[in-house]
Every structure is written in structure tokens, then in C-alpha cells.
Amino acid sequence: MALTNQDILEIRKDFPILQRQVNGKPLIYFDNAATSQTPQPVIDTIVDYYSNYNANIHRGVHTLSQEATDKYEEARITVQKHFNAAQPYEIILTAGTTHAINLVANGFASILKKGDEVLVSALEHHSNIVPWQILCEKTGAILKVIPQTESGELDLEAFNKAMTPDLKIVFVNHVSNALGTVNPIQYIIDQAHKVGAAVLIDGAQATPHIKPDVQALDADFYVCSAHKICGPTGVGVLYGKEEWLTKLPPYQGGGEMIDQVTFKKTTYAGLPHKFEAGTPNICGGIATAAGLDYMNNIGFDMIAAYEQQLLKYATKELLTIEGLKIYGTSKDKTAVISFNVGSIHPYDIGTILDKLGIAVRTGHHCAQPIMDFYKIPGTVRASFSFYNTKEEIDIFVASLKRAVMMLS
Ligand SMILES: *Cc1c(COP(=O)(O)O)cnc(C)c1O
């Protein structure tokens with residue numbers, strides 16, 4: 001079974017924003033790798049929360065507080081089941097991928113010693129580079145980099161050479177946001193564990209297409225953002241193995257994360273509250289679960305198979321344009337196409353496409369090291385979701401041809 005054109009038309013009706021016009025043209029939204037659009041059931045969940053049971057959680061005896069607490073903790077269980085985490089308290093709701101990575105990097109400051117090694121990949125988003133650089137400055141640990149190949153894959157020979165007894169943690173994305181490369185994370189986790197290193201997987205780009213099983217992967221940490229999986233902005237998920245979350249110190253101090261507070265000594269709450277200081281994004285957490293429910297209803301296998309059709313079709317059509325070069329040609333990639341046409345600046349292409357109602361991203365995609373590798377300032381990136389269509393790709397390719405004619 002596969003998603004039919006009729007299924008996609010039905011799915012599109014769930015996304016109010018897809019009905020709107022931009023600059024007098026029907027919106028074609030191909031910036032899904034930056035953020036996904038929001039289906040009606042998620043919008044309804046947000047409206048329902050603020051209309052019916054908005055209250056602070058965990059401390060209240062009153063009905064609204066209990067309802068909000070129940071829904072928030074149910075959301076945590078939905079997330080736990082989605083990722084197949086062993087325990088609900090291994091799921092920390094954060095403000096996003098960036099926040100989740102900073103939480104872990106900050107915790108490792110008390111674990112790493114001078115001379116320890118940490119390993120990042122050349123394909124990372126800045127948010128999976130900078131927190132570790134800060135950590136290395138603080139601790140004297142050494143940051144090493146797994147290089148990339150021309151096709152946008154990780155150089156596994158170099159990776160294998162970096163497996164030393166000094167290695168303490170590896171952080172790598174499951175899928176590259178700039179190129180769409182799916183990285184061999186199972187292999188990376190297995191090899192790193194052989195030398196006793198922990199592994200953090202940045203799943204921000206994988207989770208819109210793949211349902212990860214953190215126990216099967218044996219990942220130590222797996223992080224993602226709700227706004228790329230049909231949920232709201234400003235919410236994210238940190239999965240951490242119980243033994244690691246127990247070992248790491250709290251990230252922020254405040255309400256909700258304590259057990260007992262006196263001026264002599266404060267003891268911390270257990271998991272997950274130890275890492276959820278202050279009033280969380282309650283509505284956001286609940287809406288995150290609604291987004292996952294929505295996508296699971298369609299089915300991640302169906303979503304991935306359909307998006308692969310779009311990727312194949314768009315790649316073939318784009319390559320008919322003279323001078324167009326695609327960056328990231330890994331065999332295993334998600335529906336992301338990063339490209340340039342001749343020496344035309346990506347920004348100019350993006351601006352003309354916007355005039356024609358088409359949303360793509362241009363620039364370095366928060367992955368400057370990749371752009372440096374290819375010696376380019378940036379790319380145009382079209383990223384597809386399960387609510388996009390072949391017809392939209394046809395309009396996109398025709399519009400791009402017009403833009404190229406105007407600009408060359
Ligand atoms: C989007 C993204 C991030 C950052 O996510 P935020 O929601 O902005 O914190 C990190 N890594 C990757 C691979 C991403 O795609």
C-alpha cells in the first residue's frame with residue numbers, strides 16, 4: 001500500500017496554510033526542512049488547551065491543573081512510545097533541539113577532563129557544533145571532526161581511526177539538514193560503544209521521515225524539534241538513557257526541578273523533573289504529541305515512501321536544467337535537494353521564486369563547514385514533505401527555469 005494522489009489531496013485539506021496565496025500565487029511550500037506546517041488537529045489541540053484547561057501543572061490541587069498535568073504527562077508517554085524509550089522519565093521536554101544539545105553538552109562539563117576527546121561530524125548543524133566548542137574551551141577536551149566526502153557522506157575510515165580510548169562522546173546528526181544525507185548511525189553507535197564513548201544523535205531532520213527506535217539503536221541521547229514534525233515551535237525532545245540522565249547534573253536551577261530547598265543545601269527532583277526547571281511549554285508539549293499522533297496515523301513508512309517518489313522525480317526534473325549542480329548525492333537521503341545553477345547567487349533565485357509563490361531556503365543552512373567544503377557561499381534548498389505534490393514540483397521546475405533565464 002502506498003499513499004495515492006487522492007490520499008494526498010485529503011491530507012492537504014488538513015493544512016489550512018496550504019490554501020493561502022503568496023504574491024497572488026498558490027503557496028508552494030518547499031521549506032519543510034526549516035519547519036513543517038501545522039495540521040488542523042494540532043491547531044485544535046492548541047486552541048482546546050487555551051480555551052478549556054490552561055493551568056500550571058504538577059503543583060495544583062484544582063481541576064484545571066490536574067487536567068493539564070494529566071495531558072502533559074500523557075504527551076510524554078506518547079513521545080516515549082514513539083521513540084520506544086524504556087521509561088517515560090527518559091523523555092525530557094525541552095525548548096527544541098538546540099536547547100536539548102546544550103543541556104547535554106553542559107552536563108558533560110562535569111564529566112570531561114583535559115585531554116579527553118569529543119567527536120563531531122563535518123555535516124552538523126551549527127547547533128550541534130557550537131555547544132561542544134564551548135564545552136571544550138571550558139574543560140580542555142579536544143574537538144575532533146569526522147570529515148565528509150564529495151557526495152556528502154561521512155568518511156567512515158577517518159571515523160574508525162578516531163575510535164580511541166580517550167574518546168568520550170560522539171555527536172552526529174541522523175540526517176544532514178543541508179544535504180539530506182542519512183548517516184549510518186547504528187554503525188557509529190556500535191563502534192563508539194566499543195571504546196566506551198557515548199553517542200548523541202541529532203534527529204531534527206530524521207524525525208520528519210523516520211521513526212527511530214532508541215532502544216534498538218542503543219543511542220545514549222536522541223534529540224529533535226517538534227516544529228519539524230507537525231508540532232509547534234519552541235518545543236523539543238531529549239531522549240536520554242536513564243543511567244546518563246542520572247549521571248548528568250541539572251542544567252538550570254529553579255522551580256519544579258527540586259526536591260528540598262534550604263539555603264544550606266538543595267536536593268534535586270528525580271527524572272524527568274530534574275531537567276525541566278520552571279513552568280514548561282505545557283501547551284507545546286501536548287501539541288507535540290498531537291503532531292506525532294497525526295503523522296503516525298498516516299504512517300512513517302507511507303510518508304517516507306511517498307517523499308522518496310517526490311525526491312526522485314524532482315531530482316530527475318531539476319537535472320534537466322543546464323548548469324544545475326546538486327550538493328549531497330548520497331544513496332541514502334531524505335527529500336532534500338540542495339543546489340546551485342551556474343554562478344547565480346542562491347539568494348537571487350530564492351527571491352524570484354518567492355515572487356512566484358514558492359518558498360525555498362537559501363544560504364548556508366546553519367552548516368557553514370559544508371559550504372566551505374564545497375567552496376560555495378550557500379545553496380538553494382528545496383525540501384519536500386508528505387503534503388507536497390508532483391504538480392507543485394512541475395511548477396517549481398518551470399519557475400526555476402524562468403528565474404534562471406532572467407538571471408543569466
Ligand atoms: C533544525 C535543526 C536544528 C535546530 O533545531 P531548533 O528547533 O532550531 O533548535 C538542529 N539540528 C538539525 C539537524 C536541524 O535540522
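What counts and what doesn't
- Residues numbered from 1 in each chain as written.
- Predicted model: local features only at pLDDT ≥ 70, side-chain atom pairs only at ≥ 80, totals over all residues.
- Heavy atoms only, no water.
- 1 Å grid on protein atoms, 1.4 Å probe; cavity = no way out; pocket = protein on both sides within 12 Å on 5 of 7 lines; lining within 4 Å.
- Points joined across faces, edges and corners; volume = space filled by probe spheres on them.
- Nonpolar A, V, L, I, M, F, W, Y, C, P; charged D, E, K, R; others polar.
- Domains from an automatic or database assignment.
- Near = heavy atom within 4 Å.
- Polar contact = N/O pair within 3.5 Å; in protein donor to acceptor, adjacent residues only side chain to side chain.
- Areas by Shrake-Rupley, 256 points an atom, 1.4 Å probe, with all protein chains shown as cover.
- Phe/Tyr/Trp six-rings, centres within 6.5 Å; stacked < 30°, edge-to-face > 60°.
- Helix = DSSP H or I, 4+ residues; strand = E, 2+ residues; numbered from the N terminus.
- Buried < 20%, exposed > 50% of the residue type's maximum accessible area, 1.4 Å probe, protein only.
- Lys NZ or Arg CZ within 6 Å of the ring centre and 35° of its normal.
- Expected span 1.5 Å × (residues − 1).
- Contact = heavy atoms within 4.5 Å.
- Salt bridge = Lys/Arg side-chain N within 4 Å of Asp/Glu carboxyl O.
- Pairing = 2+ DSSP bridges.
- Axes fitted to C-alpha atoms, helices over the stretch in contact; angles between N-to-C directions.
- Parallel < 35°, antiparallel > 145°, perpendicular 65-115°, else oblique.
- Left-handed = near helix turned anticlockwise from the far one by under 90°.

**Overview of empty space enclosed by the protein**
And step 1. Per the counting criterion, the structure on display carries 1 cavity of 30 Å³ or more.
And step 2. Along the walls of the largest cavity sit 17 residues, with Asn32, Pro208, His209, Lys228 and Ser385 positioned nearest its centre.
And step 3. Split by residue class, the lining of the largest cavity holds 9 nonpolar, 6 polar and 2 charged.
And step 4. There are two domains that each give the lining of the largest cavity at least three residues, and those are domain 1 (5-30 + 299-407) and domain 2 (43-296).

**A few points about the site of the ligand**
And step 1. Around the ligand sit Thr97, Thr98, His125, Ser127, Asn177, Asp202, Ala204, Gln205, Ser225, His227 and Lys228, and that is every residue in its neighbourhood.
And step 2. In this structure, an oxygen atom belonging to the ligand sits 3.4 Å away from a main-chain N or O atom of Thr97.
And step 3. In the environment of the ligand, an oxygen atom lies 2.6 Å from a nitrogen or oxygen atom belonging to the side chain of Ser225.
And step 4. Protein chains bury 86% of the 390 Å² of accessible surface belonging to the ligand in isolation.

**Quick word on the packing of aromatic side chains**
And step 1. In this structure the tally under the stated criterion is 18 aromatic pairs.
And step 2. Considering the side-chain rings of Phe30 and Phe384, the 4.8 Å spacing of their centres and the 90° angle between planes classify their relative orientation as edge-to-face. Here Phe384 lies in the loop between strand E17 (379-383) and helix H14 (390-407) and Phe30 lies in the loop between strand E3 (28-29) and helix H2 (40-53), a separation of 354 residues in the sequence.
And step 3. Overall, the relative accessible area of 2% leaves Phe384 in the buried class.
And step 4. Grouping aromatic residues by their ring pairs yields a cluster made of Phe15, Tyr294, Phe386 and Tyr387.
And step 5. The aromatic ring of Trp244 is capped on one face by Lys247, whose charged end is 4.2 Å from the ring centroid.
And step 6. Across from the ring centre of Tyr313, 4.9 Å away, lies the NZ or CZ of Lys390, which sits over that ring.

**Concerning helix H3 (residues 63-83)**
And step 1. Taking 1.5 Å of rise per residue, the 21 residues of H3 would be expected to cover 30 Å, and the 30 Å separating its terminal C-alpha atoms lies within 8% of that figure.
And step 2. Among the residues of H3, those classed as buried are Ser65, Ala68, Thr69, Tyr72, Ala75, Arg76, Val79, Gln80, His82 and Phe83.
And step 3. Immediately downstream of H3, the backbone of Asn84 shows phi near 55°, a positive value.

**Section: the side chain of Gln148**
And step 1. Positionally, Gln148 belongs in the loop between strand E6 (142-146) and helix H6 (156-161).
And step 2. By relative accessible area, Gln148 is classed as buried at 8%.
And step 3. Among the polar contacts made by the side chain of Gln148, one reaches the side chain of Tyr374 at a distance of 3.2 Å.
And step 4. Setting aside residues up to four positions removed in sequence, Gln148 forms contacts with Ala122, Leu123, Glu153, Asp155, Leu179, Ile370, Phe373 and Tyr374.

**Quick notes on the domain arrangement of the protein**
And step 1. Its domain assignment divides the protein into domain 1 (5-30 + 299-407) and domain 2 (43-296).
And step 2. Taken together, the connections running from domain 1 to domain 2 amount to 0 salt bridges.
And step 3. At the junction of domain 1 with domain 2, the criterion picks out 17 residue pairs in polar contact (both at pLDDT 80 or more).
And step 4. Elements with a contribution of two residues or more to the side of domain 1 that touches domain 2: helix H11 (300-318), strand E13 (324-327), strand E14 (336-341) and helix H13 (368-374).
And step 5. For the side of domain 1 that touches domain 2, the leading source of residues is H13, giving 6 residues.

**Some words on the sheet that holds E13**
And step 1. Overall, antiparallel pairing links the 4 strands, which are arranged E13-E14-E17-E16 in an open sheet. The outermost strands of the open sheet, each flanked by one partner alone, are E13 and strand E16 (361-363). Neighbouring strand axes in the sheet, compared pairwise and without regard to direction, differ in orientation by 30° on average.
And step 2. Judged from the 3 bridges that link them, E16 and E17 form a sheet pairing that is antiparallel. The residue of E17 that forms the bridge with Thr362 is Val380.

**Some thoughts on the pairing of strand E10 (residues 236-240)**
In summary, the side chains of a regular strand alternate between the two faces of the sheet.
And step 1. With respect to burial, E10 is a largely interior element, 5 of its 5 residues being buried.
And step 2. Residue alternation in E10 divides its side chains into two sets, Gly236, Leu238 and Gly240 and Val237 and Tyr239, and both sets are buried.
And step 3. Both strand E4 (residues 91-94) and E10 contribute to a ladder of 4 bridges, which runs antiparallel. Across the sheet, the residue bridging to Ile92 is Leu238, located in E10.
And step 4. Sheet topology places strand E9 (residues 221-225) next to E10; 5 bridges connect them, and they run antiparallel. Paired with Phe221 across the strands is Gly240, a residue of E10.

**Things to note about the packing of H11 against H14**
And step 1. Look at H11 against H14: their axes get within 10 Å of each other, and the N-to-C directions meet at 25°. Overall, the two elements H11 and H14 adopt an arrangement that is roughly parallel. As for how H11 packs across H14, the hand of that crossing is right-handed. Residues Tyr306, Leu310, Tyr313, Ala314, Glu317 and Leu318 of H11 pack against Lys390, Ile393, Asp394, Phe396, Val397 and Leu400 of H14.
And step 2. For the contact of H11 with H14, the class distribution of residues is 9 nonpolar, no polar and 3 charged.

**With respect to the sheet that holds E4**
Whenever strands of a sheet pair, they do so through backbone hydrogen bonds, lying parallel or antiparallel.
And step 1. The 7 strands lie next to each other as E4-E10-E9-E8-E7-E5-E6, forming an open sheet whose pairing is mixed. Of all strands in the sheet, those with a lone pairing partner are E4 and E6, marking the two edges. Direction aside, the axes of adjacent strands within the sheet are offset by 20° on average.
And step 2. On the sheet, H3 packs against E4, E9 and E10 and is oriented at approximately 115° with respect to E4.

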